[in-house]
Amino acid sequence: MSAQTAVAPAFIEASQVEPEFKVQECLGTALVVDDNPDITDLLAAVLRHAGYTVASAHSAPEALTMAVARHFDVVVSDIGMPGMTGHELARALRAMPEYRSIPMVAVTGFDLYDDRDRSAAAGFSAHLSKPIDPLALTQAIRGIRH
């Protein structure tokens, strides 16, 4: 190996990497609901990268108020939140005509034998367990929407 041979850096800053694709158009609006601000921010970043305009709420009642004031094309919600659960939020949204058929994804730490069934019964289209794989989230939404 000659002294002139370039050696790859140990790591590359994210700002140095070109994205594999650029979103040409907005895919719609998404509402992210989680009582943990770090998780809310992470999920919002994943959805923005996928091409959604994102609004965030840190409680189910806040999300419900936002959903009444503005229509969202996708809802991603935690289940275990104080005051009002994600299941209660899903049922309330599904009772509204404009939310009867939109994709709703449960993103939760609850993954016991019947948690997926309870999410489906509440109106969620998909149930993903934390920690979330960003690709699994975007694929789940894409699969529901098509």
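Shown above is the structure to which this text applies.
Residues numbered from 1 in each chain as written. Predicted model: local features only at pLDDT ≥ 70, side-chain atom pairs only at ≥ 80, totals over all residues. Heavy atoms only, no water.

Caption draft 1: Expanded view of helix 1 (residues 37–50). Across its 14 residues, helix 1 extends 20 Å between first and last C-alpha, which sits within 8% of the 20 Å expected from 1.5 Å per residue. All of the buried residues in helix 1 are Thr 40, Leu 43, Ala 44, Val 46, Leu 47 and Ala 50. In a view along the axis of helix 1, the buried residues occupy a sector of 160 degrees, so they form one face of it. For helix 1, exposure combined with an orientation more than 90 degrees from the buried face picks out Asp 38 and His 49. (Helix = DSSP H or I, 4+ residues; strand = E, 2+ residues; numbered from the N terminus. Expected span 1.5 Å × (residues − 1). Buried < 20%, exposed > 50% of the residue type's maximum accessible area, 1.4 Å probe, protein only. Arc of directions from axis to C-beta.)

Caption draft 2: Broad picture of the sheet that holds strand 4 (residues 104–108). What the 5 strands build is an open sheet, ordered 2-1-3-4-5; its pairing is parallel. Sheet topology places strand 2 (52–57) and strand 5 (126–129) at the edges, where each strand pairs with a single neighbour. Between one strand axis and the next, the sheet turns through 20 degrees on average, direction left out of account. Here strand 4 pairs with strand 5 via 4 bridges, running parallel. Its bridge partner being in strand 5, Val 107 is matched across the sheet by Leu 128. (Pairing = 2+ DSSP bridges. Axes fitted to C-alpha atoms, helices over the stretch in contact; angles between N-to-C directions.)

Caption draft 3: How the structure looks around the packing of helix 2 (residues 60–69) against helix 3 (residues 86–94). Where helix 2 meets helix 3, the axes come as close as 10 Å, and the angle between the chain directions of the two elements is 15 degrees. Between helix 2 and helix 3, the interaxial angle falls into the category roughly parallel. Relative to helix 3, helix 2 is oriented so that their crossing is right-handed. Together, Ala 60, Ala 63, Leu 64 and Ala 67 of helix 2 and Leu 89, Ala 92 and Leu 93 of helix 3 make up the contact between the two elements. The residue makeup of the contact of helix 2 with helix 3, split by class, is 7 nonpolar, no polar and no charged. (Parallel < 35°, antiparallel > 145°, perpendicular 65-115°, else oblique. Left-handed = near helix turned anticlockwise from the far one by under 90°. Contact = heavy atoms within 4.5 Å. Nonpolar A, V, L, I, M, F, W, Y, C, P; charged D, E, K, R; others polar.)

Caption draft 4: Representation of the pattern of salt bridges within the structure. The final tally for this structure, using the stated rule, is 3 salt bridges. Between Asp 34 and Lys 130 there is a salt bridge whose closest N-O contact spans 2.9 Å. Residue Asp 34 is found in the loop between strand 1 (28–33) and helix 1, and its partner Lys 130 is found in the loop between strand 5 and helix 5 (134–145); the two are separated by 96 residues along the sequence. Using a relative accessible area of 0% as the deciding quantity, one classes Asp 34 as buried. A relative accessible area of 26% means that Lys 130 is categorised as partly exposed. Residue Arg 118 is joined to Asp 115 by a salt bridge in which the shortest nitrogen-to-oxygen separation is 2.9 Å. Within this pair, Arg 118 and its partner Asp 115 are both found in helix 4 (residues 115–122), separated by 3 residues, close to a single helical turn. (Salt bridge = Lys/Arg side-chain N within 4 Å of Asp/Glu carboxyl O.)

Caption draft 5: Here's a closer look at the nonpolar core. Ranked by internal contacts, the top residues of the largest apolar core, which has 22 residues, are Leu 31, Val 33, Leu 93, Tyr 99, Met 104 and Phe 124. Going through the elements one at a time, strand 1, strand 2, helix 2, helix 3 and strand 4 are the ones with two or more residues in this core. Counting residues in each nonpolar core, the second largest holds 19 residues, with Val 32, Ala 44, Ala 50 and Tyr 52 among its members. (Core = buried A, V, L, I, M, F, W, Y, C linked by side-chain atoms within 4.5 Å.)

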